[in-house]
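The lines below spell out each chain.
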Amino acid sequence: MMINKFAKVISAATVLAMTVSLAPESALAQRFSGGANNQFDRLEFDLNTSAPYTGGTFSGAIQNAIYTDNDPFLDFNKSGIPKGYQLNQGDLKVSLENISDSLQNALNNPQSGSFAGKFGSTVVKYEADLEDNSNPKNFVSFVFYAPYINPFTNLDSLSVFNASNLNPFLDPQGEVSFPKYITQLNQLNSDFFLNFLLLMVRNFT
(Lines give C-alpha, C1' and ligand atoms only; values in the text may rest on other atoms or scores of the structure.)
Protein backbone atom coordinates (compact mmCIF):
# COMPACT_ATOMS: atom_id res chain seq x y z
CA MET A 1 0.00 0.00 0.00
CA MET A 2 2.79 2.43 0.90
CA ILE A 3 4.55 1.67 -2.39
CA ASN A 4 1.36 2.38 -4.33
CA LYS A 5 0.85 5.69 -2.53
CA PHE A 6 4.45 6.67 -3.17
CA ALA A 7 4.10 5.80 -6.86
CA LYS A 8 1.06 8.09 -7.07
CA VAL A 9 3.08 10.93 -5.54
CA ILE A 10 5.79 10.51 -8.16
CA SER A 11 3.39 10.10 -11.08
CA ALA A 12 1.26 13.05 -9.98
CA ALA A 13 4.26 15.14 -11.06
CA THR A 14 3.14 18.73 -10.84
CA VAL A 15 4.19 22.32 -11.37
CA LEU A 16 3.44 23.47 -7.83
CA ALA A 17 2.68 27.13 -7.24
CA MET A 18 4.78 29.19 -4.89
CA THR A 19 2.58 31.77 -3.22
CA VAL A 20 3.56 35.20 -2.03
CA SER A 21 1.25 36.89 0.42
CA LEU A 22 0.78 40.56 -0.28
CA ALA A 23 -0.64 41.38 3.13
CA PRO A 24 0.98 44.67 4.19
CA GLU A 25 3.07 43.23 7.04
CA SER A 26 6.10 45.06 5.73
CA ALA A 27 6.88 47.23 2.74
CA LEU A 28 10.32 45.60 2.55
CA ALA A 29 9.51 41.90 2.91
CA GLN A 30 7.12 39.38 1.40
CA ARG A 31 6.26 35.93 2.73
CA PHE A 32 6.57 32.98 0.38
CA SER A 33 5.26 29.49 0.99
CA GLY A 34 5.20 26.39 -1.16
CA GLY A 35 5.16 22.61 -1.11
CA ALA A 36 8.29 20.54 -1.59
CA ASN A 37 8.82 18.05 -4.37
CA ASN A 38 7.24 15.24 -2.35
CA GLN A 39 3.98 17.29 -2.03
CA PHE A 40 3.92 16.77 1.75
CA ASP A 41 6.66 19.03 3.12
CA ARG A 42 6.63 22.83 2.99
CA LEU A 43 9.12 25.67 2.79
CA GLU A 44 8.32 29.18 4.02
CA PHE A 45 10.55 32.22 3.96
CA ASP A 46 10.57 36.00 3.94
CA LEU A 47 12.01 37.76 0.90
CA ASN A 48 13.81 40.98 1.83
CA THR A 49 13.05 43.15 -1.17
CA SER A 50 15.70 45.67 -0.16
CA ALA A 51 18.56 43.13 -0.15
CA PRO A 52 21.77 44.42 -1.78
CA TYR A 53 22.47 43.26 -5.33
CA THR A 54 25.87 42.33 -6.77
CA GLY A 55 26.45 40.44 -10.00
CA GLY A 56 23.22 38.47 -10.18
CA THR A 57 22.93 37.78 -6.43
CA PHE A 58 20.80 39.42 -3.76
CA SER A 59 22.82 38.94 -0.58
CA GLY A 60 20.83 37.74 2.43
CA ALA A 61 17.51 38.11 0.62
CA ILE A 62 16.09 34.86 2.03
CA GLN A 63 15.25 35.24 5.71
CA ASN A 64 13.30 33.38 8.42
CA ALA A 65 13.19 30.22 6.33
CA ILE A 66 11.49 27.18 7.85
CA TYR A 67 11.28 23.75 6.24
CA THR A 68 8.47 21.62 7.72
CA ASP A 69 8.61 17.86 7.29
CA ASN A 70 5.05 16.58 6.95
CA ASP A 71 5.89 13.30 5.22
CA PRO A 72 3.39 10.71 6.51
CA PHE A 73 5.80 7.89 5.64
CA LEU A 74 8.56 9.23 7.93
CA ASP A 75 7.61 9.69 11.59
CA PHE A 76 10.66 11.39 13.05
CA ASN A 77 9.49 12.04 16.58
CA LYS A 78 6.61 9.55 17.02
CA SER A 79 4.38 12.38 18.21
CA GLY A 80 2.49 13.09 15.01
CA ILE A 81 3.81 16.66 15.08
CA PRO A 82 5.58 17.77 11.88
CA LYS A 83 9.27 18.43 12.35
CA GLY A 84 10.47 21.95 11.52
CA TYR A 85 13.96 22.99 10.45
CA GLN A 86 15.08 26.60 10.90
CA LEU A 87 17.34 27.48 7.97
CA ASN A 88 19.98 30.18 7.84
CA GLN A 89 19.69 33.43 5.92
CA GLY A 90 20.51 32.83 2.25
CA ASP A 91 21.29 34.57 -1.00
CA LEU A 92 18.87 34.67 -3.94
CA LYS A 93 20.32 34.39 -7.45
CA VAL A 94 18.53 35.81 -10.47
CA SER A 95 19.19 35.15 -14.14
CA LEU A 96 17.59 35.06 -17.56
CA GLU A 97 17.20 31.58 -18.97
CA ASN A 98 16.26 30.33 -22.41
CA ILE A 99 13.99 27.35 -21.89
CA SER A 100 12.86 24.36 -23.90
CA ASP A 101 9.44 24.11 -25.52
CA SER A 102 8.45 21.43 -23.00
CA LEU A 103 9.30 23.60 -20.01
CA GLN A 104 7.57 26.60 -21.58
CA ASN A 105 4.44 24.52 -22.06
CA ALA A 106 4.60 23.37 -18.42
CA LEU A 107 5.01 26.92 -17.14
CA ASN A 108 2.07 28.09 -19.24
CA ASN A 109 -0.25 25.32 -18.03
CA PRO A 110 -3.41 26.86 -16.49
CA GLN A 111 -2.58 25.12 -13.19
CA SER A 112 0.90 26.64 -12.93
CA GLY A 113 0.04 29.90 -11.17
CA SER A 114 -0.71 33.57 -11.72
CA PHE A 115 1.35 33.88 -14.91
CA ALA A 116 0.03 30.95 -16.93
CA GLY A 117 0.09 31.81 -20.63
CA LYS A 118 2.57 34.66 -20.12
CA PHE A 119 5.84 32.70 -20.34
CA GLY A 120 7.89 33.02 -23.51
CA SER A 121 11.08 31.22 -24.49
CA THR A 122 13.08 33.46 -22.10
CA VAL A 123 12.15 33.49 -18.41
CA VAL A 124 13.43 35.04 -15.19
CA LYS A 125 14.84 32.37 -12.89
CA TYR A 126 15.22 32.88 -9.13
CA GLU A 127 17.11 30.26 -7.12
CA ALA A 128 18.62 29.65 -3.71
CA ASP A 129 20.39 27.03 -1.63
CA LEU A 130 19.65 27.07 2.10
CA GLU A 131 21.15 25.18 5.03
CA ASP A 132 20.99 25.04 8.80
CA ASN A 133 23.66 24.87 11.52
CA SER A 134 23.38 21.17 12.30
CA ASN A 135 26.27 18.73 11.93
CA PRO A 136 26.02 17.44 9.26
CA LYS A 137 24.10 20.36 7.78
CA ASN A 138 20.55 19.94 6.50
CA PHE A 139 19.97 21.64 3.17
CA VAL A 140 17.19 22.62 0.76
CA SER A 141 17.30 24.10 -2.74
CA PHE A 142 14.56 25.83 -4.69
CA VAL A 143 13.89 27.57 -7.99
CA PHE A 144 10.93 29.64 -9.09
CA TYR A 145 10.15 31.36 -12.36
CA ALA A 146 8.60 34.62 -13.50
CA PRO A 147 7.84 35.58 -17.09
CA TYR A 148 10.19 38.06 -18.73
CA ILE A 149 7.60 40.85 -18.66
CA ASN A 150 7.16 43.96 -16.50
CA PRO A 151 7.88 44.25 -13.62
CA PHE A 152 10.28 41.26 -13.79
CA THR A 153 12.44 42.79 -16.52
CA ASN A 154 14.19 44.73 -13.73
CA LEU A 155 16.64 42.00 -12.73
CA ASP A 156 18.75 44.08 -10.37
CA SER A 157 16.02 44.88 -7.85
CA LEU A 158 13.67 42.77 -5.73
CA SER A 159 11.27 45.70 -5.44
CA VAL A 160 9.39 43.96 -8.26
CA PHE A 161 7.88 41.81 -5.48
CA ASN A 162 6.33 44.74 -3.62
CA ALA A 163 2.55 44.77 -3.52
CA SER A 164 2.19 47.79 -5.79
CA ASN A 165 3.97 46.01 -8.64
CA LEU A 166 2.10 42.72 -8.23
CA ASN A 167 -1.41 44.13 -7.79
CA PRO A 168 -2.40 43.22 -11.39
CA PHE A 169 -1.65 39.56 -10.66
CA LEU A 170 -3.42 39.14 -7.31
CA ASP A 171 -5.84 36.27 -6.90
CA PRO A 172 -8.98 36.55 -4.71
CA GLN A 173 -6.95 35.40 -1.69
CA GLY A 174 -4.54 38.33 -2.07
CA GLU A 175 -1.70 36.14 -3.32
CA VAL A 176 0.45 35.77 -6.42
CA SER A 177 1.70 32.31 -7.30
CA PHE A 178 4.79 31.32 -9.27
CA PRO A 179 5.69 27.95 -10.77
CA LYS A 180 8.55 26.47 -8.77
CA TYR A 181 10.19 23.39 -7.40
CA ILE A 182 11.59 22.83 -3.94
CA THR A 183 13.77 19.86 -3.08
CA GLN A 184 12.97 17.60 -0.20
CA LEU A 185 15.27 18.00 2.76
CA ASN A 186 18.84 16.92 1.86
CA GLN A 187 17.89 16.00 -1.72
CA LEU A 188 20.07 17.04 -4.64
CA ASN A 189 18.54 18.93 -7.58
CA SER A 190 19.42 16.13 -9.99
CA ASP A 191 17.17 13.75 -8.05
CA PHE A 192 13.97 15.57 -8.94
CA PHE A 193 14.52 17.89 -11.91
CA LEU A 194 13.01 15.57 -14.51
CA ASN A 195 9.92 15.08 -12.36
CA PHE A 196 9.39 18.84 -12.25
CA LEU A 197 8.58 18.98 -15.95
CA LEU A 198 5.62 16.66 -15.39
CA LEU A 199 4.13 18.23 -12.29
CA MET A 200 0.66 19.65 -12.75
CA VAL A 201 -1.02 20.07 -9.33
CA ARG A 202 -1.48 23.52 -7.85
CA ASN A 203 -0.53 23.85 -4.18
CA PHE A 204 -1.49 26.91 -2.09
CA THR A 205 -0.90 27.93 1.50
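Here, every reference points to the structure presented above.
Our subject in this report is the structure included herewith. This one's a predicted model, so the numbers in the text were calculated from it and none came from an experiment. (Residues numbered from 1 in each chain as written. Predicted model: local features only at pLDDT ≥ 70, side-chain atom pairs only at ≥ 80, totals over all residues. Heavy atoms only, no water.)

1. Some thoughts on the overall build of the protein chain
Scanning the protein chain for helices and strands turns up four helices and 10 strands. Order of helices (α) and strands (β) in the protein chain, N terminus to C terminus: α-β-β-β-β-β-β-β-α-β-β-α-β-α. By the burial criterion, 47% of the 205 residues in the protein chain qualify as buried. Counted over contacts in the protein chain with a minimum sequence separation of 6, partners at least 24 positions apart contribute 65%. (Helix = DSSP H or I, 4+ residues; strand = E, 2+ residues; numbered from the N terminus. Buried < 20%, exposed > 50% of the residue type's maximum accessible area, 1.4 Å probe, protein only. Contact = heavy atoms within 4.5 Å.)

2. Quick notes on the packing of aromatic side chains
When we look at a pair of aromatic rings, we describe it by the centre distance and by the angle of the planes. With the rule as written, the count across this model stands at 17 aromatic pairs. Ring centres of Phe 142 and Phe 144 lie 6.4 Å apart, and the angle between their planes is 15°; this geometry places the pair in the stacked category. One exposure class covers both Phe 142 and Phe 144, and it is buried. Each member of the aromatic cluster is reached from another via a ring pair, and the members are Phe 32, Phe 45, Phe 115, Tyr 126, Phe 142, Phe 144, Phe 152, Phe 161, Phe 169 and Phe 178. (Phe/Tyr/Trp six-rings, centres within 6.5 Å; stacked < 30°, edge-to-face > 60°.)

3. With respect to the environment of Tyr 148
Positionally, Tyr 148 belongs in the loop between strand E9 (139–147) and helix H3 (163–166). For the pair formed by Tyr 148 and Val 124, sequence separation is 24 residues and the distance between their alpha carbons is 5.7 Å. If sequence neighbours within four positions are ignored, Tyr 148 has contacts with Leu 96, Thr 122, Val 123, Val 124 and Thr 153.

4. Things to note about the nonpolar core
In terms of nonpolar packing, the biggest core is built from 42 residues, with Leu 92, Tyr 126, Phe 142, Phe 152 and Phe 161 touching the most fellow members. Sorting the residues of this core by element identifies strand E3 (42–48), strand E5 (57–69), strand E6 (83–87), strand E7 (90–98), helix H2 (101–107), strand E8 (122–131), E9 and strand E10 (175–182) as the ones contributing at least two each. For this core, the element with the highest residue contribution is E9, accounting for six residues. (Core = buried A, V, L, I, M, F, W, Y, C linked by side-chain atoms within 4.5 Å.)

5. Concerning the pattern of salt bridges
Side-chain pairs of opposite charge can arise whenever the charged atoms involved come near each other. Here the structure, examined in full by the defined rule, presents three salt bridges. Ionic pairing is found between Arg 31 and Glu 44, a salt bridge with its closest N-O pair at 3.8 Å. Here Arg 31, found in strand E2 (residues 29–35), pairs with Glu 44, found in strand E3; they are 13 residues apart in sequence, far enough to count as distant. Note on Arg 31: relative accessible area 23%, which makes it partly exposed. Overall, the relative accessible area of 29% leaves Glu 44 in the partly exposed class. Residue Lys 125 is joined to Glu 97 by a salt bridge in which the shortest nitrogen-to-oxygen separation is 3.1 Å. One end of the pair, Lys 125, is in strand E8; the other, Glu 97, is in strand E7, and 28 residues separate them in sequence. Exposure remark for Lys 125: the relative accessible area of 14% places this residue in the buried category. If you follow the salt bridges from partner to partner, you end up with Arg 31, Glu 44 and Asp 46 in one network. (Salt bridge = Lys/Arg side-chain N within 4 Å of Asp/Glu carboxyl O.)

6. Looking at the pairing of E10
Judged by how many residues are buried, E10 sits mostly within the fold: eight of eight residues are covered. What you see with E10 is no split at all: Glu 175, Ser 177, Pro 179 and Tyr 181 on one side and Val 176, Phe 178, Lys 180 and Ile 182 on the other are buried throughout. With three bridges connecting them, E9 and E10 associate as antiparallel partners. Of the residues in E10, the one forming a bridge with Val 143 is Tyr 181. (Pairing = 2+ DSSP bridges.)

7. What to know about the side chain of Ser 114
With respect to the secondary-structure elements, Ser 114 resides in the loop between H2 and E8. At 2.9 Å, the side chain of Ser 114 and the backbone nitrogen of Ser 177 are in polar contact. Those residues in contact with Ser 114 that lie beyond four places of it in its chain are Phe 169, Glu 175, Val 176 and Ser 177. (Polar contact = N/O pair within 3.5 Å; in protein donor to acceptor, adjacent residues only side chain to side chain.)

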